[in-house]
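So you can see what is in the structure, the chains are spelled out below.
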Amino acid sequence: MPVIAPMPAARPARIPSQRDGAEDSMAAGTTVDHLTETYRAHYRSLLGLAALLLDDAASCEDVVQEAFIRVHSARKRVRDPEKTLAYLRQTVVNLSRSALRRRILGLKLLSKPMPDMASAEEGAYDQLERDALIKAMKGLQRRQREVLVLRYFADMTEAQVAETLGISLGSVKAYGSRGIAALRVAMEAPA
């Protein structure tokens, strides 16, 4: 047999009083008009509060705007309109803390440069050397350039270079040594 739960006893009806009307108006919370007036009157002071906690203007503006949005969406819970500014201030502080936490976490998660990585200055020098090498390579004879590129950049043996270019092994050695000598002279010459 199914078990049937007993019906709860009916509550006696309340008689509304004048005090209930006041509670209903306060239960409605902060009005949009009051929040708009608070925005006009206190936006700059809240922005200053955020500026004390954060370091850039864009983040401060974002935090203050987000605070107004959050208080607006929760305005029914702000029962006393006089406390709207206090709620806004606390929200600005909390959002600023969150923004700082996200930044700190982001900094921790950033990959740290490896100790053997070149500095930016060294990278610039390397780039200059590469540019000078490319310029010097363009100044070589065609066969010298081909032999050096295949031998040192494509990492081929002298025999593979000879086979690829269709020349003798002796020619590969001759073009290679003459090309390196010409590169040395070109790289040492003042720019």
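Scroll up to find the structure.
Caption draft 1: Highlighting the side chain of Thr91. Tracing the backbone shows Thr91 in helix α4 (residues 84–109). Residue class for Thr91 comes out buried when judged on its relative accessible area of 16%. Setting aside residues up to four positions removed in sequence, Thr91 forms contacts with Ala67, Arg70 and Val71.

Caption draft 2: Seen up close, the packing of aromatic side chains. Under the defined criterion, the tally for this structure stands at two aromatic pairs. Seen in terms of ring centroids, Tyr39 and Phe68 are 4.8 Å apart; in terms of plane orientation they differ by 75°. Their pairing is edge-to-face. You can see Tyr39 sitting in helix α2 (residues 32–53) and its partner Phe68 sitting in helix α3 (residues 57–73), a full 29 residues away along the chain. Tyr39 sits in the partly exposed class, given a relative accessible area of 32%. Three or more aromatic residues joined by ring pairs make a cluster, and in this case those are Tyr39, Tyr43 and Phe68. In this structure, Arg151 packs its charged tip against the face of Tyr152, placed 5.6 Å from the ring centre.

Caption draft 3: Layout of the nonpolar core. Counting 17 residues, the largest nonpolar core has Leu46, Ala50, Val63, Val64, Phe68, Leu88 and Val92 as its most contacted members. Counting residues per element, the ones that place at least two in this core are α2, α3 and α4. Those residues in contact with Leu46 that sit more than four places away from it in its chain are Val64, Phe68, Leu85, Leu88, Arg89 and Val92. Counting residues in each nonpolar core, the second largest holds seven residues, with Val147, Leu150, Ala162 and Leu165 among its members.

Calculation criteria
- Residues numbered from 1 in each chain as written.
- Predicted model: local features only at pLDDT ≥ 70, side-chain atom pairs only at ≥ 80, totals over all residues.
- Heavy atoms only, no water.
- Helix = DSSP H or I, 4+ residues; strand = E, 2+ residues; numbered from the N terminus.
- Buried < 20%, exposed > 50% of the residue type's maximum accessible area, 1.4 Å probe, protein only.
- Contact = heavy atoms within 4.5 Å.
- Phe/Tyr/Trp six-rings, centres within 6.5 Å; stacked < 30°, edge-to-face > 60°.
- Lys NZ or Arg CZ within 6 Å of the ring centre and 35° of its normal.
- Core = buried A, V, L, I, M, F, W, Y, C linked by side-chain atoms within 4.5 Å.

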